[in-house]
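This is what each chain is made of:
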2 protein chains.
Amino acid sequence: MFDNKQRTDINELGEFGLIDYLTKAVEIKELSTVKGIGDDAAVLDFSSKKTLISTDLLLEGIHFDLRYVPLKHLGYKAVQVNLSDIYAMNGIASQITFSIGLSSKFPVEAVEEIYQGVLIACEKFNVDLVGGDTSASAQGLVISVTSIGYADADKVVYRSGAKEGDLLCVSGDLGGAYVGLQLLEREKNIFIENPNIQPDLEGKDYIVERQLKPESRKDIVELFETYGIQPHAMIDVSDGLASEILHICKASKVGCKLYEDKIPIDPMTYETAREFGLDPTVCALNGGEDYELLFTVPQDQYDKVKNQLDISIIGYITEEAAGCEMISKSGHVHPIQAQGWNAFKQSSNDGSTA
Amino acid sequence: MFDNKQRTDINELGEFGLIDYLTKAVEIKELSTVKGIGDDAAVLDFSSKKTLISTDLLLEGIHFDLRYVPLKHLGYKAVQVNLSDIYAMNGIASQITFSIGLSSKFPVEAVEEIYQGVLIACEKFNVDLVGGDTSASAQGLVISVTSIGYADADKVVYRSGAKEGDLLCVSGDLGGAYVGLQLLEREKNIFIENPNIQPDLEGKDYIVERQLKPESRKDIVELFETYGIQPHAMIDVSDGLASEILHICKASKVGCKLYEDKIPIDPMTYETAREFGLDPTVCALNGGEDYELLFTVPQDQYDKVKNQLDISIIGYITEEAAGCEMISKSGHVHPIQAQGWNAFKQSSNDGSTA
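Residues numbered from 1 in each chain as written. Chains lettered and ligands numbered in written order. Predicted model: local features only at pLDDT ≥ 70, side-chain atom pairs only at ≥ 80, totals over all residues. Heavy atoms only, no water.

Let us look at the UniProt feature "domain: PurM-like C-terminal" (unreviewed entry) in chain A. Following the UniProt record, one finds the feature "domain: PurM-like C-terminal" (unreviewed entry) at residues 163-320 of chain A. In the segment residues 163-320 of chain A, helix accounts for 44% and strand for 18%; the C-alpha atoms at its two ends are 10 Å apart. (UniProt positions renumbered as here; feature names shortened; annotations may be inferred. Helix = DSSP H or I, 4+ residues; strand = E, 2+ residues; numbered from the N terminus.)

With that out of the way, let us pick up the domain arrangement of chain A. Residue and element names in this part refer to chain A. When cut into domains, chain A gives domain 1 (13-155) and domain 2 (159-335). Distance from the C-alpha centre of domain 1 to the C-alpha centre of domain 2: 26 Å. Each side of the interface is counted separately: domain 1 has 24 residues, and domain 2 has 24 residues. For the pair domain 1 and domain 2, the two sides together bury roughly 2,100 Å², of which 55% comes from carbon and sulfur. Contact with domain 2 buries area across many residues of domain 1, yet Y68, K77 and Y87 alone supply 31% of it, more than any other trio. Viewed at the interface, domain 2 and domain 1 are joined by 4 salt bridges. The partner of E225 in a salt bridge is K155, with the nearest N and O atoms 3.6 Å apart. Run the count over domain 1 and domain 2 and you get 10 residue pairs in polar contact (both at pLDDT 80 or more). (Domains from an automatic or database assignment. Contact = heavy atoms within 4.5 Å. Buried area = accessible area lost by both parts, 1.4 Å probe. Salt bridge = Lys/Arg side-chain N within 4 Å of Asp/Glu carboxyl O. Polar contact = N/O pair within 3.5 Å; in protein donor to acceptor, adjacent residues only side chain to side chain.)

For chain A, mean pLDDT is 89; residues scoring 70 or higher make up 94% of the total. Ignoring residues within four places in sequence, the model shows residues 345-354 of chain A, a span with pLDDT below 50, making 39 contacts including any to other chains. (pLDDT = per-residue confidence, 0-100.)

This part covers the interface of chain B and chain A. Opposite the 68 residues of chain B that make contact, chain A presents 69 residues. For the pair chain B and chain A, the summed buried area comes to about 5,400 Å², and 58% of that belongs to carbon and sulfur atoms. Between chain B and chain A we count 6 salt bridges in total. Two residues, A:R159 and B:D39, come together in a salt bridge whose shortest N-O distance is 3.7 Å. Among the elements that line the side of chain B that touches chain A, the one with the most residues is strand β3 (residues 50-59) of chain B, at 9 residues. A class-by-class count of the residues in the side of chain B that touches chain A yields 29 nonpolar, 23 polar and 16 charged. Relative to β3(B), strand β2 (residues 42-44) of chain A runs antiparallel, the two being bridged by 3 bridges. Along β3(B), the bridge assignment pairs A:A42 with B:I53. (Nonpolar A, V, L, I, M, F, W, Y, C, P; charged D, E, K, R; others polar. Pairing = 2+ DSSP bridges.)

To continue, consider the pairing of strand β4 (residues 92-102) of chain B. Residues and elements named next belong to chain B. Most of β4 is tucked away, with 10 of its 11 residues classed as buried. The pairing of β4 with strand β7 (residues 142-151) spans 9 bridges and is classified as antiparallel. Within β7, the residue paired with I92 across the bridge is Y150. Both β4 and strand β5 (residues 128-131) contribute to a ladder of 3 bridges, which runs parallel. In the strand pairing of β5, I96 is matched with L129. On the question of chirality, the crossover connecting β4 to the parallel β5 by way of helix α3 (residues 108-124) is right-handed. (Buried < 20%, exposed > 50% of the residue type's maximum accessible area, 1.4 Å probe, protein only. Right-handed = clockwise from strand over helix to strand, strands pointing away.)

Structural data, given as structure tokens:
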């Protein structure tokens, strides 16, 4: 992951030296950034818009496994995971802070790789890195990201706005990140048993990328703007479709019908799930980490969403008393249950979500 | 620290259950909070004011030692340390997010104690808890706090505004938190050698509190408002007076003269430092964690600051070429050097700053 010949001990730089070294490449581009890195706090100006704030913690051994997660990807993903929460409010992300706790096993070059991933994500999504904290860690690698964004007051979309009759929609496809993780875990275990065998990920680029390098759906928020679509409720899919549907229904005090045959699953996700003896639908429902946007729109916006290539209508919202149900491909009705990832029940080396 | 008879395993609640349990006591009071905990992001409204953001990472074994830091104090201090950065911009803190990574050794009751400290700090400083993240940790306790605040554009104070001739001022007194830490470390070591000996902290309340339960100086920002004092430059004292003076001078491209005999040191700090064979001035210069405000004001504001009981004038700003110097009690001139805390050079069980 980093060239061990070039190995600068962090102690040589010290905390302030490390911060200077890492942030020398940081540029401020967003109009709303008044002052970025270098003072006690960043100063931002959102004029008449609402300010949006979200934060995530990513811990080694829980959310990521450095045995197969490249450091640059880790930095990139840490940012994406957090920006996704701002887009899930129908907002535009504009700044992040990035904090990192590092054990002494990391040379400066390794930290720089993580920052490269962070800065690539910032560049691509027009987000300024405006602050953070850098510390030693007595144990594993610790990352904390806070995203800041903005939206017009009348554009903000909560989880709680779904109404009976709304169409239930999701962007992209689901289950890929989870199946990609199974593939990486399998290759890791083969490698542990026999280090001479190289990982066999050929032809599986898409689902491996879904796991290692997810893309938050800023483009969907932009699509809403372009087509005049105003969702009633929205959430990002981090813990699996089932868990997120239940969040929206609980917050909105509604029920829903979900059609199994409408859930968008990529052919590679489908085939690879089958190879692992997994039900692709279960992977989509409970796998998590897809970072797609799940949202509801009133029926009069059907014409605006039906022809969007990257949006699937997967069901509709009912009254609360009708419950949350999935109609299976065979026509059976099942209650939707969240069996998504639980960080507190997971073994420490199975990092299946962030 | 918590009653072991009442020990609820976090697994019994799961992540969402734990979040519900911990946040049931959270109230929203700030006018600028539109939406707090419970969605993908918090929504805030600062209308025409600037938004301020600061973040800190606190790691077990680096920033705190659970052998003598009570959990409630830890939660309280984590918030104070971070609010201090907003006050150091001459802003008003209005919201925080609080993220926590927990190893399985912590029962729910322990986590609740940490949150109690967080909420006491929020209540006292009129700050809303609006979000966060809760996760398992494969190793030690991980805390990440982000503070959000606001200020009028013309009131924001940067590190970079100091001008030649400015008075150099500091609030409160310095060195107490560091000397308090020495005391706690000594008693910990005595206890490790002989667990029958109870800690002897009698009569040392003030400096022990300075270490365990620091108070950020919101009152000084309010005092500025009341008396019409507008500092040119400001920073909070987290790494020690010397380090912070150098930050201001570097950012402002100025030099300074600091008078040793003007540095405010509490008598208990002074005496206890002497007991440990430490120079009290060195404790103030390099100890850190005092969370006082260091600032400069133009000379024409001398009348406004000279009679403030909680503000000391400790020197003045010079041209850059004159360097940063301290005039000792004996009249000798020494260059000011930052020998403050370096998280990357510290052994893992000596948590002297946050």
